[in-house]
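# Chain and residue survey
Listed below are the residues making up each chain.
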Amino acid sequence: MSQIPPSDDGIVVSAPGKVILHGEHAVVYGKRALAASLNLRTFLRITSNSSHQVSLRLPDIGVSVTWSLGELQETFTLPFCDPMNPVPPSADLLAQVKKFAGIESDTVNTKQLAVVTFLYLFLSISATHKNIPSLTIEVASNLPTGAGLGSSAAFSTCLASSLLQHRRLTSVALQVDKSNTATWSDKDIKLINQWAFIGEKVIHGNPSGIDNSVSTYGGALNFQAGNITPIDRVPQLRILLLNTKVPRSTKFMVAGVKDRYNKYPEIIGPVLDSIEGISQCCERIFTEMDKGTPTQEHYDTLKDLIDINQNHLRTLGVSHPALERVCHVTQSHGLYSKLTGAGGGGCAFTLVPPGTCEDVIGNIRQELKELGYDCWETTMGGPGVLQHLSLDGTFPIPALFPRN
Ligand SMILES: Nc1ncnc2c1ncn2[C@@H]1O[C@H](COP(=O)(O)OP(=O)(O)O)[C@@H](O)[C@H]1O
Ligand SMILES: C[C@@](O)(CCOP(=O)(O)O)CC(=O)O
Ligand SMILES: [Mg+2]
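Note on numbering: residues in each chain are counted from 1, in written sequence order. Working convention: letters from A go to chains and numbers from 1 go to ligands, in the order in which they are written. Where totals are concerned, whole chains, interfaces and linings use all residues; where local detail is concerned, this predicted model gives features only for residues with pLDDT of at least 70, and gives and counts side-chain atom pairs only at 80 or more. The basis for every side-chain value is the complete set of heavy atoms in the structure, and neither hydrogens nor water enter the calculation.

Named according to an unreviewed UniProt entry, the protein is Mevalonate kinase originating from Ridgeia piscesae. As recorded by UniProt, the Sequence similarities (unreviewed entry) comment attached to the protein reads in full: "Belongs to the GHMP kinase family. Mevalonate kinase subfamily." UniProt positions are given in the numbering used here, feature names are shortened, and annotations may be inferred rather than shown by experiment.

This is the structure:
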């Protein structure tokens, strides 16, 4: 997590990360999944400059790069596409952008893909035949990068919303109540989400679209094959998020599941179906909990679903010894955990049912801390992409954009 020096000019947006409750990986195969936004966000600021250059600063991943507008103009035939009709790059164009950025065509380094994603979205949305704007783009996040909490989608959503807004392709964002934040119309939000999905495609290869949808729309949702259904009434669940800090990339993990599916379709297919069954059962329990008083039985079922799903994810080959350790530690205290996101490292979450003794939580935290893992309690839900307004000529600079 890095800090960016202040600036009173420009556009500032932010977008949240997410936690997938159930359905990761299966959702890539058109199965239903449940996810909710997190109170951890990525911030992006665009400022105009007069240097005839585009500067991209991504301190979280140690990237700072500047291109002259002339070299961009000379290299590419612009615009790439109609910014109101998002399309992914063709294989040829992707290869051209990678070559320009000095990145090997078959790179597995997803950090480098952040630069490619930026270039594709920037040159698609902001450039016209005659003009490329001279801009500085800075991104900073309080989400861990590459840990299963949707940092790639938050990054893509920030890029999409800010570039569209800068070019005035979205209407003026509307102030949320009397706050310093604003959001867009349904039509604009849809366009932002479409571009954020294209960003995810560049970073992942084959995303389902769930992460960018949660990051754009916020709240909790049920997602299946591109259909987004908000879940209005998710019970107030207490969850612990645990970051094993084992690095991994979603692109790699998704490709691994594909290989396993191709090799054993009659075995892996039913596992994916069963994961969808878990999502359906979980949503049913949420509805029951909302209609009446949540009972111990409801929480016991939620615990079972977490445990069964973790076993399925292990079968898909996306667990990791560090994630297994988390499950083992929490289970020894009677609480159940599962990995969240692509797995292979990164994060897990633990359900903390009401009535759980605080000593139990304290002991779990201590044991995981001794293993070198981060552990924090979080809330689910909260707003999707937002613009941060400069009501009095200065931005209410978020924590990551300090004034000194
Ligand atoms: N704050 C950030 N700054 C720059 N790039 C980011 C940032 N957050 C995410 N990314 C991009 O997203 C990639 C991580 O995406 P991914 O492997 O899907 O993990 P996750 O989405 O679970 O965090 C990074 O390698 C980088 O390309
Ligand atoms: C594994 C998957 O279901 C979720 C990946 O989430 P994350 O990038 O690990 O936060 C992939 C997808 O849905 O696109
Ligand atoms: Mg991701």
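## So, the sheet that holds strand β12 (residues 347-352)
Read from one edge of the open sheet, four strands run β11-β12-β10-β13, paired in antiparallel fashion. Two strands lie at the open edges of the sheet, namely β11 (337-339) and β13 (374-378), each paired on one side alone. Neighbour-to-neighbour, the strand axes of the sheet open up by a mean angle of 25°, direction not taken into account. The sheet contact formed by strand β10 (residues 238-243) and β13 spans five bridges and is antiparallel. Bridging from a neighbouring strand, Leu 240 pairs with Glu 377 of β13. Should DSSP find at least two bridges between two strands, the strands are regarded as paired. Only DSSP runs of H or I covering at least 4 residues are called helices, and only runs of E covering at least 2 are called strands; the numbering of each starts at the N terminus. Throughout, an axis means a line fitted to C-alpha atoms (over the contacting stretch in the case of helices), and angles, computed between N-to-C directions, take values from 0 to 180 degrees.

## Some points on the site of ligand 2
We call a residue near a molecule or strand whenever a single non-hydrogen atom of that residue lies within 4 Å of it. Neighbouring residues of ligand 2: 19 residues in total, closest Lys 18, Gly 150, Ser 208, Arg 248 and Thr 250. Pairing of N or O atoms within 3.5 Å defines a polar contact, subject to two protein rules: one partner must be a possible hydrogen donor and the other a possible acceptor, and residues neighboring in sequence count only if both atoms are side-chain atoms. Contact distances for ligand 2 include 2.9 Å between an oxygen atom and a backbone N or O atom of Gly 150. Contacts to ligand 2 include Arg 248, whose side-chain N or O atom sits 2.6 Å from an oxygen atom. Each accessible area is a Shrake-Rupley estimate made with a 1.4 Å probe; only the visible protein chains count as cover when residues are assessed. For ligand 2, whose accessible area on its own is 380 Å², the fraction buried by protein is 98%. Think of a 1 Å grid over just the protein atoms. A cavity is a set of points where a 1.4 Å probe fits yet cannot get out, a pocket is an open set with protein on both sides within 12 Å along at least five of seven lines, and lining residues have an atom within 4 Å of a point. Molecules are considered to sit inside a cavity or pocket once more than half of their atoms lie within 2 Å of its grid points. Under a 2 Å grid-point criterion requiring more than half of the atoms, the pocket assigned to ligand 2 is the largest pocket. Looking at the shell around ligand 2, the elements with two or more residues in it are β1 (11-22), α6 (210-217) and α7 (250-263).

## Re unusual backbone geometry
Put simply, Leu 78 and Pro 79 share a cis peptide bond, and its omega is -5°. For Pro 79, the location among the structural elements is in the loop between α1 (69-75) and α2 (91-100). Despite not being glycine, His 25 has its phi angle at roughly 70°, a positive value. You can see His 25 is positioned in the loop between β1 and β2 (33-48). Each residue's exposure class comes from its accessible area (1.4 Å probe, protein chains only) as a fraction of the maximum for that residue type: buried when under 20%, exposed when over 50%, partly exposed otherwise. When its relative accessible area of 5% is taken as the criterion, His 25 is described as buried. Here Lys 245, not a glycine, exhibits a phi torsion of approximately 65°, which is positive.

## Points about the layout of surface pockets
Taken as a whole, the largest pocket encloses approximately 760 Å³ of empty space. Taken together, 44 residues line the largest pocket, and the ones lying closest to its centre are Gly 146, Ser 151, Ser 152, Ile 203 and Thr 250. Looking at the lining of the largest pocket, the elements that each hand over two or more residues are β1, α3 (110-125), β5 (135-141), α4 (151-166), α5 (186-204), α6 and α7. Note on residue classes: Ala, Val, Leu, Ile, Met, Phe, Trp, Tyr, Cys and Pro are nonpolar, Asp, Glu, Lys and Arg are charged, and everything else, Gly too, is polar. Taken together, the residues of the lining of the largest pocket break down into 18 nonpolar, 18 polar and eight charged. Grid points are joined across faces, edges and corners, and a volume is the space filled by probe spheres set on the points.

## Quick word on the UniProt feature "domain: GHMP kinase N-terminal" (unreviewed entry) in the protein
According to UniProt, the positions carrying the feature "domain: GHMP kinase N-terminal" (unreviewed entry) are residues 130-219. Counted over residues 130-219, helix gives 48% and strand 13%. Its end C-alpha atoms are 40 Å apart.

## Considerations on the site of ligand 1
Surrounding ligand 1, one finds 21 residues, the nearest of these being Thr 110, Gly 146, Ser 151, His 204 and Thr 250. One of the backbone N or O atoms of Gly 148 is found 2.8 Å from an oxygen atom in ligand 1. One nitrogen or oxygen atom from the side chain of Thr 250 is found 2.8 Å from an oxygen atom belonging to ligand 1. If you map ligand 1 onto the pockets, it falls in the largest pocket. Contributing elements (two or more residues each) for the shell around ligand 1: α3, α4 and α5.

## Concerning the UniProt feature "domain: GHMP kinase C-terminal" (unreviewed entry) in the protein
The UniProt entry lists residues 299-365 under the feature "domain: GHMP kinase C-terminal" (unreviewed entry), expressed in the numbering used here. End C-alpha atoms of residues 299-365 are separated by 21 Å, and the span's content is 54% helix alongside 13% strand.

## Thoughts on the nonpolar core
Residues Leu 72 and Trp 195 are the most contacted members of the largest nonpolar core, which totals 55 residues. Tallying contributions element by element places α3 first for this core, with eleven residues. For Leu 72, the residues in contact, after removing those within four places along its chain, are Val 54, Trp 67, Phe 100, Leu 119, Phe 122, Leu 123 and Ile 132. We call a set of buried Ala, Val, Leu, Ile, Met, Phe, Trp, Tyr and Cys residues a nonpolar core when their side-chain atoms join them within 4.5 Å. If you look at the next biggest cluster of nonpolar residues, it comprises 28 residues, including Leu 21, Ala 36, Leu 143 and Leu 351. Between two residues, a contact is recorded if the distance between any of their heavy atoms is within 4.5 Å.

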